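Chain and residue survey
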Amino acid sequence: MKPASMSDYRERARRRLPPMFFEYIDGGSYAEETLRRNVRDLEAIALRQRVMRDMSKVDLSTTLFGQTLSMPLALAPVGMAGMYAARGEVQAARAAAGAGVPFCLSTVGVCSIEEVAAAGTPPWFQLYMLKDRGYMRDLITRAKDAGCPVLVFTVDLPIPGARYRDVRSGFTGLSGLPAAINTLWQGATHPAWSWDLFTQGRPHTLGSVQAAVQGGGRVNDFLAWIARNFDRSVTWKDLDFVREIWDGPIVIKGVLDPDDARDAVRAGAQGLVVSNHGGRQLDGVSSSIAALPRIADAVGGDLEILMDGGIRSGLDVLKALSLGARACLVGRPWAWALGAGGEAMVSRMLGVMRSELTTAMILTGCTTAARANADMLDVAAPQN
Ligand code: FNR
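In this report, we go over the structure that sits alongside the text. (Residues numbered from 1 in each chain as written. Predicted model: local features only at pLDDT ≥ 70, side-chain atom pairs only at ≥ 80, totals over all residues. Heavy atoms only, no water.)

Right, let's talk about the sheet that holds strand E8 (residues 271-274) for a bit. Overall, parallel pairing links the 8 strands, which are arranged E3-E10-E9-E8-E7-E6-E5-E4 in an open sheet. Single-partner strands in this sheet number two, and they are strand E3 (73-75) and strand E4 (104-105). Note: strand E9 (residues 304-308) against strand E10 (residues 327-330), 3 bridges, orientation parallel. Considered in E10, the bridge of Leu306 is made with Ala327. Against the sheet, helix H14 (residues 288-299) touches strand E7 (250-255), E8 and E9, its axis set at about 175° to E9. (Pairing = 2+ DSSP bridges. Helix = DSSP H or I, 4+ residues; strand = E, 2+ residues; numbered from the N terminus. Contact = heavy atoms within 4.5 Å. Axes fitted to C-alpha atoms, helices over the stretch in contact; angles between N-to-C directions.)

What follows deals with the packing of aromatic side chains. Applying the stated criterion to the full structure yields 5 aromatic pairs. Centre to centre, the rings of Tyr128 and Phe230 are 4.8 Å apart; their planes meet at 45°, and the pair counts as tilted. Separated by 102 residues along the polypeptide, Tyr128 in the loop between strand E5 (124-127) and helix H6 (133-145) and Phe230 in the loop between helix H11 (222-229) and helix H12 (238-245) bring together distant segments of the chain. Exposure class is identical for Tyr128 and Phe230. Each is buried. When the ring centre of Phe241 is taken as origin, the NZ or CZ atom of Arg133, which lies over that ring, is 5.6 Å away. (Phe/Tyr/Trp six-rings, centres within 6.5 Å; stacked < 30°, edge-to-face > 60°. Buried < 20%, exposed > 50% of the residue type's maximum accessible area, 1.4 Å probe, protein only. Lys NZ or Arg CZ within 6 Å of the ring centre and 35° of its normal.)

Attention now moves to the nonpolar core. Counting 105 residues, the largest nonpolar core has Leu75, Tyr84, Val242, Leu272, Met307, Trp334 and Met349 as its most contacted members. Broken down by element, this core gets its largest block of residues, 15 residues, from helix H16 (residues 332-364). Sequence-distant contacts of Trp334, defined by excluding residues within four places in its chain, comprise Leu75, Ala76, Val78, Ala81, Ala92, Phe103, Val346 and Met349. In this structure, Trp124, Val273, Leu306 and Leu329 belong to the second largest nonpolar core, which totals 14 residues. (Core = buried A, V, L, I, M, F, W, Y, C linked by side-chain atoms within 4.5 Å.)

Another aspect to go through is the site of the ligand. Near the ligand you find 25 residues, and of these Pro77, Ser106, Thr154, Asp308 and Arg312 are the closest. Between the ligand and Gln126 there is a distance of 3.1 Å, counted from a nitrogen atom to a side-chain nitrogen or oxygen. Here a nitrogen atom of the ligand sits 3.3 Å away from a polar atom, N or O, in the side chain of His277. Relative to its free-state accessible area of 600 Å², the ligand is covered by the protein chains to the extent of 99%. Of all the elements in the fold, those that place two or more residues in the shell around the ligand are helix H2 (19-26) and H16. Each residue belonging to the shell around the ligand can be placed in one class, and the counts come to 10 nonpolar, 10 polar and 5 charged. (Near = heavy atom within 4 Å. Polar contact = N/O pair within 3.5 Å; in protein donor to acceptor, adjacent residues only side chain to side chain. Areas by Shrake-Rupley, 256 points an atom, 1.4 Å probe, with all protein chains shown as cover. Nonpolar A, V, L, I, M, F, W, Y, C, P; charged D, E, K, R; others polar.)

On to H14. With 12 residues, H14 ought to run about 16 Å at 1.5 Å a step, and its terminal C-alpha atoms sit 16 Å apart, in line with that. Along H14, the residues that are buried comprise Ser288, Ile289, Ala290, Ala291, Leu292, Ile295, Ala296 and Val299. Residues of H14 that are buried in the fold lie against helix H3 (33-43), E7, helix H13 (258-266), E8, E9 and helix H15 (314-322). (Expected span 1.5 Å × (residues − 1).)

Everything listed here is a matter of geometry and, on its own, says nothing about what the molecule does.
Written as structure tokens, this is what we have:
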């Protein structure tokens, strides 16, 4: 069966990946209420069907930070994607470049910034603030030198939310993985996955992770490593530190509150991502789509607003655009597609998103994605 909708990519990834990787991608924090809300609240929004308008031409393209995107979508930063397929981040970056959309490389990616950049288009780079500012300085400089056009500064993870699925699956972090996987498969080779796929890489950010993979054993538990090394003392003032090194656009990722959005504007950010980290951080917070209109009202004219969390189709993308987003990011959809079949599947998934968005625009009478607005929504139907 060929994968059609996002749920098919998810199912294929579930069958192909070692369970602990699938659960890591698929899961959220605590009782996963926000994870469900992200999807459910998008589902609850009704589009407004319009007919008999000349829809022979629709324009999906948009511009962001001086870049032209073929459609208003980008691949969100996803940690350790290089474990879902060989050189996973490179494969996904190639698929994104082929589709004319940005790929954002995570701080905790497996492939290096340089490796991803050398494969074609320099990625957007996502930054987590670690306590070691010397290391941060080097990392930001590397992103700049590699030609990354946009820095995405994720601010909603001063401490990791507990992911109970990872506890249950035994996802203990990098040095623990080979043993855990061996136990899991009781020595049998998993049909689609080999430890070599991971170790042939050069994890770029985590010198310590590299040491662990090579037997140094410094990272026994990924989440504990995060808790030890991520900087909880970060404030808006730290943006000045980033600015000293980085002169390109900065996007603050992980804003749900209009007051924080106003602070991001005051701090000089060029964009923000309305996001709850895909329901992986503070469980019980509102869905991203419910937070979006409030934030668009507060700062809509002041910076570019992106949104992620629960986008599972091109129809969802149109809903988010209608409520004030300039573009959406997707996390799990591309991670599932990568696990389902590498670059080809990510390309295919992006093609599905494009065709769904095209259809949604034609059937709502929206000729230009960059001008989607609340007219595309059926306000008579129950909304969030
Ligand atoms: C993430 N996310 C994330 N965000 C970030 O800024 N840096 C990171 O390293 C990661 N890592 C990560 C791993 C996995 C497996 C997932 C699923 C997510 C969050 C991600 O960028 C994005 O905000 C969400 O994935 C969006 O929600 P959806 O599209 O997954 O519903």
